[in-house]
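# What the coordinates show
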Amino acid sequence: MPAVTVDSLLALPRIPRLGETARQRPVLAVTTAPHGFEGEGFPVRRALAGIDLRHIDPFLMMDQMGEVEYSPGEPKGTPWHPHRGFETVTYMIDGIMEHRDSGGGGGVITNGDTQWMTAGSGMLHIETPPAHLVMSGGLFHGFQLWVNLPRDHKMSAPRYQDIRGSQLELLASDDGGALVRLIAGDLAGRRGPGATHTPITLLHATLSPGAQLTLPWRPDFNALVYVLAGRGSAGEERRPLQSGRLARFGPGDAISVAADEEQESRSPALDVVVLGGLPIRQRVAWNGPFVMNTRSELLQAFHDFQAGRLGRIPAA
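The model shown is predicted, which means the values in this text are computed figures rather than measured ones.

## Some remarks on the pattern of salt bridges
Tallied over the full model, the rule gives eleven salt bridges. Where Arg164 meets Asp113, a salt bridge forms, and the shortest distance between an N and an O atom there is 2.7 Å. Note that Arg164 is positioned in the loop between strand 12 (159–163) and strand 13 (169–172) and Asp113 in the loop between strand 8 (106–110) and strand 9 (114–118), a separation of 51 residues in sequence. Notably, a salt bridge pairs Arg266 with Glu264, separated by 3.3 Å at the nearest N-O pair. For Arg266, a relative accessible area of 70% puts it in the exposed group. Judged by its relative accessible area of 35%, Glu264 is partly exposed. Here the residues in one salt-bridge network are Arg84, Asp304 and Arg309, joined through shared partners.

## Points about the side chain of His83
If you trace the backbone, His83 turns up in strand 5 (residues 78–83). A relative accessible area of 4% places His83 in the buried class. Within the structure, His83 has its side chain in polar contact with the side chain of His81 (distance 3.2 Å). In this structure His83 touches Thr88, Met117, Ala119, Gly122, Met123, His125, Trp146, Pro289, Phe290 and Leu310, once residues within four positions along its chain are discounted.

## A few points about the sheet that holds strand 21 (residues 239–242)
Taken in spatial order, the four strands line up as 18-23-20-21 in an open sheet, and their pairing is antiparallel. Of all the strands in the sheet, just strand 18 (212–216) and strand 21 have a single pairing partner and so form its edges. With strand direction ignored, the average angle separating the axes of adjacent strands in the sheet is 25 degrees. Two strands pair when backbone bridges link them, and strand 18 and strand 23 (residues 254–259) are joined in this way by five bridges, in the antiparallel orientation. If you follow Gln212 over to strand 23, its bridge partner there is Ala258.

## Description of the pairing of strand 19 (residues 224–229)
Across the six residues of strand 19, six count as buried, placing the element largely inside the fold. Strand direction decides the pairing type here: strand 19 and strand 24 (residues 270–277), joined by five bridges, are antiparallel. Paired with Tyr226 across the bridge in strand 24 is Val273.

Thresholds applied
Residues numbered from 1 in each chain as written. Predicted model: local features only at pLDDT ≥ 70, side-chain atom pairs only at ≥ 80, totals over all residues. Heavy atoms only, no water. Salt bridge = Lys/Arg side-chain N within 4 Å of Asp/Glu carboxyl O. Helix = DSSP H or I, 4+ residues; strand = E, 2+ residues; numbered from the N terminus. Buried < 20%, exposed > 50% of the residue type's maximum accessible area, 1.4 Å probe, protein only. Polar contact = N/O pair within 3.5 Å; in protein donor to acceptor, adjacent residues only side chain to side chain. Contact = heavy atoms within 4.5 Å. Pairing = 2+ DSSP bridges. Axes fitted to C-alpha atoms, helices over the stretch in contact; angles between N-to-C directions.

Shown next, in the form of structure tokens:
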């Protein structure tokens, strides 16, 4: 890991060093993601578990999938399931996943690819490893983020964005010690390829041992840093971070994260997901695969699913 790398960070556009007037965001809390299982039994870590939705709005949840080395016959996915009212963002660091939906959409994502699925008014969906990966086994690692949709977009037409690893906007930190893969949103005058219904910024960064990454951050966005692998610290106060921990930042217009000088041999760098967005500040009625604004809308989603109005499973 990770899949998207470069031969030389020095050849990339640099994130400018911030001026002395930049207000560093303090770290308000550090939480540890609990372990769980999803779908047919693949292991996940619930990165945003236990955090009040008001503090992470417009995000709902984020699962780190793996990192797990499957033996032959072990790779697992999810069965067919419905969605309505939000978006799923699936980013593969290692491994291969196939997506299909009841409307004929989907695709294959692997090694640095992102699939951005807007469920909107509703669809049936399945995520599975391809047959050859089930036969051979192999490494599987990535994350899936759920992004809430504003009220006016909850019943929009479903759509997919297939974002290849080669399409990501690549940047280097001002000291040349960190690689930033911008998936969506604006950062330091650059824009990621993901199109969003509400303003967010989402990126994956790899910091070499001892490197520091300081990012300009919209003051009206919240700010979260989740550690995929490695050890480091967050904020000027250097709050310790390690794999499976998430830092939630307070107000300001800059955030920083640093990698420890010494890393474990199996995680030679600090890998983090950095995300933030403009809060929607609307009521959330959420149950399982449906995220609406009111209980009556939630009940309607279940009724529509049971009546087959969210689509039907296509023939194999």
